[in-house]
Amino acid sequence: MAASLRLPSTSLLDVRRPGTQLCSSRFGQHLQQLQQQQQQQQQQQVSSRFRSCAASLSVCAQRQLSKRMWPARVIKVKAQTEQSTEQGSTAADDEVCELVNGADVELGEGSEIFQAYFIQAIKNNNGAGVLLLTDVYGHQHSATRDFVYRLACFGYNVLVPDLFRGNPWSKQKSKEQFEEWRATHPPDRLENDIDTSADWLSHALFEEGAVTKGLGIVGFCFGGGRVIQALARDTKGRYTTGVTFYGTRFDPALAVQIKVPLLLITGDKDPLSPVDVVRQVESQVKGAQARVYKGRGHGFVHMPESVEDDEDAEDAFEAMRNWLHDHLLPQ
């Protein structure tokens, strides 16, 4: 199937998180405000979390993504290019978050088609790819989009598949419904979707002349557990490294099958990702490293709920960033 790409009438990248401003919600109105303020003062603080962000009108479709997407078709552009700034940032920081391009894509074939979100750095693209597996709230959750946007700002090409095929978990549902909901997403189908996503991203980067030999795989919570599983059954050598944030629902015995370096991040107050399990995995994977944050609970990195959470979330993000740099980018 030939790929296609078109610009929508309205462009939106929702990078919302509690306590911060939106980078581009209500994009048209926000963009107009930014343009007016840029003419007056050239800078505006739009996010306490992002570095280097002030809106731009460059049309990302000119990159001709449609000629390189296989076996998927791009169905619409999710965001045009954006930038943001933060007061007090250094000159080096200002150069980090360059323009990014986000697009919704369809992966798979026939009855097995599913959605994904693909976001790329444009100016500072480093050629490395990251497959990001989400928590149960899915690939459209604002906390996930926030995290993915930041990662792309540092040069990475990030693919986020919709593991739940339009049916993520919702806080509006009762806890008693969780197992029933989870049963609608069988392990075999999840594994197939993850493999399809990894193959697609590998091909897309190869077509763009990527300098890496493999991909990184990163996951939160439910997705973090799927990272362990994906690495353990990776007989094709798809992945160069992995990062799991407080992974859940996986068999730690699978760790002996993992052949690539693995970074494990959790909090010592997280009942869903016990420290002893994390340490067990660390001891069984050559090149693995565990970082346990004192006093932190589940989800503190991508969904911080306090100032203390946020400080450790920044440290954990930096640890992941350094890990990916060391293991994905050639020295």
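Since we're looking at a predicted model, the values are computed, not measured. (Residues numbered from 1 in each chain as written. Predicted model: local features only at pLDDT ≥ 70, side-chain atom pairs only at ≥ 80, totals over all residues. Heavy atoms only, no water.)

Next up on the list: the overall build of the chain. Of the regular secondary structure elements, the chain holds eight helices and nine strands. Partitioning the intrachain contacts of the chain with sequence separation of at least 6 by distance along the chain shows that 73% fall at a separation of at least 24. For the chain, the accessible surface area stands at approximately 15100 Å², while carbon and sulfur atoms represent 47% of it. (Helix = DSSP H or I, 4+ residues; strand = E, 2+ residues; numbered from the N terminus. Contact = heavy atoms within 4.5 Å. Areas by Shrake-Rupley, 256 points an atom, 1.4 Å probe, with all protein chains shown as cover.)

Counting across every chain of the model gives 15 salt bridges. A salt bridge links Arg238 to Asp195; the shortest N-O distance between them is 3.6 Å. You can see Arg238 sitting in the loop between α6 (221–232) and β7 (239–245) and its partner Asp195 sitting in helix α5 (residues 187–207), a full 43 residues away along the chain. On the basis of relative accessible area, Arg238 is assigned to the buried category, the value being 12%. Connected through shared salt-bridge partners, Glu191, Asp195, Asp199, Arg233 and Arg238 make up one network. (Salt bridge = Lys/Arg side-chain N within 4 Å of Asp/Glu carboxyl O. Buried < 20%, exposed > 50% of the residue type's maximum accessible area, 1.4 Å probe, protein only.)

With that settled, the discussion passes to the packing of helix α3 (residues 142–153) against helix α8 (residues 307–328). Between α3 and α8, the least distance of the axes is 12 Å, while the angle of their chain directions is 45 degrees. The orientation of α3 with respect to α8, classified from their angle, is oblique. Between α3 and α8 the crossing geometry is right-handed. Of the residues in α8, those touching α3 at Phe147, Arg150 and Leu151 are Glu314, Phe317, Met320 and Leu324. Considering only residue class, the contact of α3 with α8 consists of five nonpolar, no polar and two charged. (Axes fitted to C-alpha atoms, helices over the stretch in contact; angles between N-to-C directions. Parallel < 35°, antiparallel > 145°, perpendicular 65-115°, else oblique. Left-handed = near helix turned anticlockwise from the far one by under 90°. Nonpolar A, V, L, I, M, F, W, Y, C, P; charged D, E, K, R; others polar.)

Time to look at unusual backbone geometry. Of note in this structure, Arg165 is not a glycine but carries a positive phi near 50 degrees. At Arg249, a residue that is not glycine, the phi angle is positive and equals roughly 55 degrees. Its place among the elements puts Arg249 in the loop between β7 and β8 (262–267).

Enumeration over the complete set of coordinates arrives at 14 aromatic pairs. Where Phe147 meets Phe245, the ring centres are 5.9 Å apart and the plane angle is 80 degrees; that geometry is what we call edge-to-face. Separated by 98 residues along the polypeptide, Phe147 in helix α3 and Phe245 in strand β7 bring together distant segments of the chain. Taking 5.5 Å as the distance between ring centres and 50 degrees as the angle between the ring planes, the aromatic pair formed by Phe164 and Phe222 counts as tilted. Note that Phe164 is positioned in the loop between β5 (157–161) and α4 (178–182) and Phe222 in helix α6, a separation of 58 residues in sequence. In this pair, the class of Phe164 matches that of Phe222, namely buried. Within the aromatic cluster, the residues linked to one another by ring pairs are Phe147, Phe154, Phe220, Phe245, Tyr246, Tyr293, Phe300 and Phe317. (Phe/Tyr/Trp six-rings, centres within 6.5 Å; stacked < 30°, edge-to-face > 60°.)

On to the pairing of strand β2 (residues 100–107). Taking burial as the measure, the eight residues of β2 include eight buried ones, the bulk of the element. Residues of β2 alternate between two faces, with Val100, Gly102, Asp104 and Glu106 on one and Asn101, Ala103, Val105 and Leu107 on the opposite face, all of them buried. Linking β2 to strand β3 (residues 114–121), which pair antiparallel, is a turn of six residues; within it Gly108 sits at a positive phi near 85 degrees. (Pairing = 2+ DSSP bridges.)

Further remarks concern the confidence of the model for the chain. Taken as a whole, the chain shows an average pLDDT of 76; of its residues, 68% reach a score of 70 or greater. Taken together, the stretch residues 1–96 has pLDDT below 50 and engages in 196 contacts with residues farther than four places along the chain or on a different chain. (pLDDT = per-residue confidence, 0-100.)

Counted at 1.5 Å a residue, the expected span for α8 with its 22 residues is 32 Å, and the 31 Å between its end C-alpha atoms agrees. Those residues of α8 lying buried are Asp309, Asp312, Ala313, Ala316, Phe317, Ala319, Met320, Trp323, Leu324 and Leu328. The buried side chains of α8 occupy one side of the element, clustering within an arc of 165 degrees when seen end-on. Turned more than 90 degrees away from the buried face of α8 sit Val307 and Glu311, all of them exposed. Buried-residue contacts for α8 involve β4 (129–133), α3, β6 (215–220), β7, β8 and β9 (289–293). (Expected span 1.5 Å × (residues − 1). Arc of directions from axis to C-beta.)

This part covers the nonpolar core. Within the largest apolar cluster, 41 residues are counted, with the highest numbers of intra-cluster contacts made by Leu131, Leu159, Tyr239 and Leu262. Looking at this core, the element that brings in the most residues is α5, giving seven residues. Residue contacts for Leu262: discarding those within four places in its chain leaves Ile228, Leu231, Gly242, Val243, Thr244, Val281, Val285, Gly287, Ala288, Gln289 and Trp323. Ranked by size, the runner-up nonpolar core spans 34 residues in total, among them Tyr117, Phe147, Ile265 and Phe317. (Core = buried A, V, L, I, M, F, W, Y, C linked by side-chain atoms within 4.5 Å.)

This part is about the environment of Val218. Tracing the sequence through the fold places Val218 in strand β6. Linking Val218 and Thr134, residues 84 residues apart in sequence, is a C-alpha distance of 8.6 Å. Here Val218 is in contact with Val130, Leu131, Leu132, Leu133, Val227, Val243, Phe245, Met320 and Leu324, once residues within four sequence places are set aside.

Let's shift gears to the side chain of Asp234. Of note, Asp234 is situated in the loop between α6 and β7. Within the local environment of Asp234, its side chain forms a polar contact with the backbone nitrogen of Gly237, the two atoms lying 3.2 Å apart. (Polar contact = N/O pair within 3.5 Å; in protein donor to acceptor, adjacent residues only side chain to side chain.)

This brings us to the environment of Gly287. Looking at the element boundaries, Gly287 is found in the loop between α7 (275–284) and β9. Using a relative accessible area of 45% as the deciding quantity, one classes Gly287 as partly exposed. Taking C-alpha positions, Gly287 is 4.6 Å from Pro261, a pair spaced 26 residues apart along the chain.

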